[in-house]
Amino acid sequence: MDERCVLIIEDEQAIVDILKFNFTKEGYKVLEAMDGQTGLELALSENPDLILLDVMLPKMDGFEVCKKIREKSSVPIIMLTAREEEVDKVLGLELGADDYMTKPFSIRELTARVKANLRRTSIDRERSAQENSNSISSGDLTINVERYEVSKHGKVIDITLREFELLKFLAMQPEKIFSRESLLENVWGYEYYGDVRTVDVTVRRLREKIEDDPGMPRYIITKRGVGYYFNKA
Ligand code: CA
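The notes below deal with the structure included here. Predicted model, so just to flag it, every value in this text is computed and none were measured.

### Considering the pattern of salt bridges
Line of reasoning, step 1. Taken as a whole and assessed by the stated rule, the structure comprises 14 salt bridges.
Line of reasoning, step 2. In this structure, the salt-bridge partner of D54 is K103, at a minimum N-O distance of 2.9 Å. Residue D54 is found in strand β3 (residues 50-54), and its partner K103 is found in the loop between β5 (99-102) and α5 (107-134); the two are separated by 49 residues along the sequence.
Line of reasoning, step 3. Residue K103 is classed as buried on the basis of its relative accessible area, which comes to 16%.
Line of reasoning, step 4. Each of E10, E12, D54 and K103 takes part in a single network of salt bridges with overlapping partners.

Laid out in structure tokens, this is it:
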């Protein structure tokens, strides 16, 4: 695993020293800032994997720093608060911190929280990368390519293999218009001398399953005189 970077934004040198010592020992790269303004700049320029953020800071307080970071990044932020009263504000949704510790805190507890937050983000990242490669999403529709499944609003739709293949083919190249002949060839998969109306029939069945209003489709669109295309919502 590559080196994780923790940014410490804290104006008490003694706390910075002990945190730095501890996280360096744990194998993290450590960046530090002694005031809110510098901390915000580092947070945005260095892309740390996690931020420890004190509340009472010179130049810009921790709440403000947290809010400003959140406008740009979803990096885990653990707030370090001096007073119990600040906890409510830290946990306020508008602030967007992931966790908090009240001072004085135990280093062991803080380290555990840091690891838990880092683990959570790496799982999230892995999961979203995996989902991206296995599925195509558009609006309320998700096409899971590996499981041959289509779901709408998270509910799996009963769909035939041919309908699935047609939807997948169109959705993988959104906005590109395919003639009915070309769809027959690509989706039905052989020199098909049959009726191109086979495509129309399959499209109609598909629309009945995936569209809110099959008469006014938003996913599979007819380009009159040309063919069909998938409209990426
Ligand atoms: Ca402080």
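### Overview of the side chain of D99
Line of reasoning, step 1. Within the secondary structure, D99 is located in strand β5.
Line of reasoning, step 2. Classification of D99 by relative accessible area gives buried; the value is 17%.
Line of reasoning, step 3. At 2.9 Å, the side chain of D99 forms a polar contact with the side chain of R113.
Line of reasoning, step 4. Only 3.5 Å separates the side chain of D99 from the side chain of N117, close enough to count as a polar contact.

### Observations regarding the packing of aromatic side chains
Line of reasoning, step 1. In total, this model carries four aromatic pairs according to the counting rule given.
Line of reasoning, step 2. Ring geometry for Y148 and F164: centres 5.1 Å apart, planes at 45°, overall tilted. Note that Y148 is positioned in the loop between β7 (141-144) and β8 (149-152) and F164 in helix α6 (residues 161-172), a separation of 16 residues in sequence.
Line of reasoning, step 3. The exposure class of Y148 is partly exposed, given its relative accessible area of 44%.
Line of reasoning, step 4. With 4.8 Å between their ring centres and 55° between their planes, F169 and F178 make a pair best called tilted.
Line of reasoning, step 5. What makes F169 buried here is its relative accessible area of 17%.
Line of reasoning, step 6. For F178, a relative accessible area of 6% corresponds to the buried category.

### A look at the nonpolar core
Line of reasoning, step 1. By size, the foremost hydrophobic cluster in this structure holds 26 residues, and its most contacted members are V150, L166, L167, L183, I210, I220 and F230.
Line of reasoning, step 2. Those elements giving two or more residues to this core turn out to be β7, α6, α7 (180-188), α8 (197-210) and β12 (227-230).
Line of reasoning, step 3. Beyond its immediate stretch of four places on either side in the chain, L166 contacts L183, V187, W188, T202, V203 and L206.
Line of reasoning, step 4. Membership of the second largest hydrophobic core comes to 21 residues, among which are L42, M60, I69 and V75.

Basis of the calculations
- Residues numbered from 1 in each chain as written.
- Predicted model: local features only at pLDDT ≥ 70, side-chain atom pairs only at ≥ 80, totals over all residues.
- Heavy atoms only, no water.
- Salt bridge = Lys/Arg side-chain N within 4 Å of Asp/Glu carboxyl O.
- Helix = DSSP H or I, 4+ residues; strand = E, 2+ residues; numbered from the N terminus.
- Buried < 20%, exposed > 50% of the residue type's maximum accessible area, 1.4 Å probe, protein only.
- Polar contact = N/O pair within 3.5 Å; in protein donor to acceptor, adjacent residues only side chain to side chain.
- Phe/Tyr/Trp six-rings, centres within 6.5 Å; stacked < 30°, edge-to-face > 60°.
- Core = buried A, V, L, I, M, F, W, Y, C linked by side-chain atoms within 4.5 Å.
- Contact = heavy atoms within 4.5 Å.

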